[in-house]
Amino acid sequence: MKRMVKSRDVVRSFCVVIAAFVVAFNMNTFVSAGGLFPGGFNGLTVLIQRIAMKYFGIEVPFTVVNVILNSFPAIIGFHFVGKKFTVFSCVMIFLTGIFVDLLPVMPITEDILLIAVFGGIINGGALSIALLGKASSGGTDFIAMALSKKLNVPAWNYIMAGNAIMLMSAGALFGWDKALYSIIFQFCSTQMINYLHTQYRRETIFIVTEKPEEIMDAVMNETHHGFTRFEGIGGYS
């Protein structure tokens, strides 16, 4: 049993390291080249960095800002979401910052639409790897999961509102084209996560049968899952 737990932790650690590296690589290629703003605290960190550089001439390390921003949400996640999930997520937050600060900035293309689309796809793929390892990029994920779990509140609406405020601020300070392309980036990232991360996806099974009692008994006995029964009459014959 202990060996199995250790194996799972090794797999989770591998997923976290790979996801952190890919997110950082994406930040220093597509995001940097397009002047985009990712969603969540990564996007807020980038916004703070660019404000510090443009208006104060100060180059702020990504790691420092991102870790500070994630400190309070990490405490929330540790108490309300799960200790192990939070620990692995904090490792990803820290590694992402380190990789961003260490990796060189390497613009791949100057086409802003390609940057937004493919940058979003890569970002979504990286976050899906993190979710596969039962971790996340932290920040808003901690807050959303804690509120949803403890208060039964649809927190993602508030997260979207927070991202909207961040993008409006970025648009006002750095140009609305950057903010609008950032929306495309975030949309592509979300769609990629929805496509790859299917663990919690629900499916509806519709069964047409002349033996409803047998089907109902089988469903209850084998899956312990509820169902809805409809009586229907054919209209053709």
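This section reports on the structure supplied with the text. (Residues numbered from 1 in each chain as written. Predicted model: local features only at pLDDT ≥ 70, side-chain atom pairs only at ≥ 80, totals over all residues. Heavy atoms only, no water.)

1. Structural notes on unusual backbone geometry
For residues that are not glycine, phi is negative in most cases, and the peptide bond is trans in most cases.
Here's step 1: The backbone of K134 sits at a positive phi, close to 55°, despite the residue not being glycine.
Here's step 2: Residue K134 is classed as partly exposed on the basis of its relative accessible area of 44%. (Buried < 20%, exposed > 50% of the residue type's maximum accessible area, 1.4 Å probe, protein only.)

2. Here we look at the packing of helix α2 (residues 40-56) against helix α3 (residues 62-80)
Here's step 1: Axis separation between α2 and α3 bottoms out at 9 Å; the angle between their running directions is 135°. Between α2 and α3, the angle is such that the two are oblique. Note on packing geometry: the crossing formed by α2 with α3 is right-handed. Listed contacts from α3 to F41, N42, L44, T45, V46, I48 and Q49 of α2 are F62, V65, N66, L69, N70 and P73.
Here's step 2: Looking at side-chain class alone, the contact of α2 with α3 contains eight nonpolar, five polar and no charged residues. (Axes fitted to C-alpha atoms, helices over the stretch in contact; angles between N-to-C directions. Helix = DSSP H or I, 4+ residues; strand = E, 2+ residues; numbered from the N terminus. Parallel < 35°, antiparallel > 145°, perpendicular 65-115°, else oblique. Left-handed = near helix turned anticlockwise from the far one by under 90°. Contact = heavy atoms within 4.5 Å. Nonpolar A, V, L, I, M, F, W, Y, C, P; charged D, E, K, R; others polar.)

3. A look at the packing of α3 against helix α4 (residues 83-102)
Here's step 1: Interhelical geometry of α3 versus α4 gives an angle of 175° and a closest axis separation of 10 Å. Of the possible angle classes, the one that applies to α3 and α4 is roughly antiparallel. Each of F62, T63, N66, V67, N70, A74, G77 and F78 in α3 lies in contact with α4, whose residues at this interface are K83, T86, C90, I93, F94, T96, G97, I98, V100 and D101.

4. Focus: the nonpolar core
Here's step 1: Core analysis: the largest hydrophobic core is formed by 28 residues, its most contacted members being V23, M27, L36, F37 and M92.
Here's step 2: Per element, the largest residue contribution to this core is eight residues, and it comes from helix α1 (residues 2-34).
Here's step 3: In contact with M27, not counting residues within four places along its chain, are S32, P38, N42, V46, F62 and V100.
Here's step 4: Among the nonpolar cores identified, the runner-up in size contains seven residues, and I76, V81, I93 and F142 belong to it. (Core = buried A, V, L, I, M, F, W, Y, C linked by side-chain atoms within 4.5 Å.)

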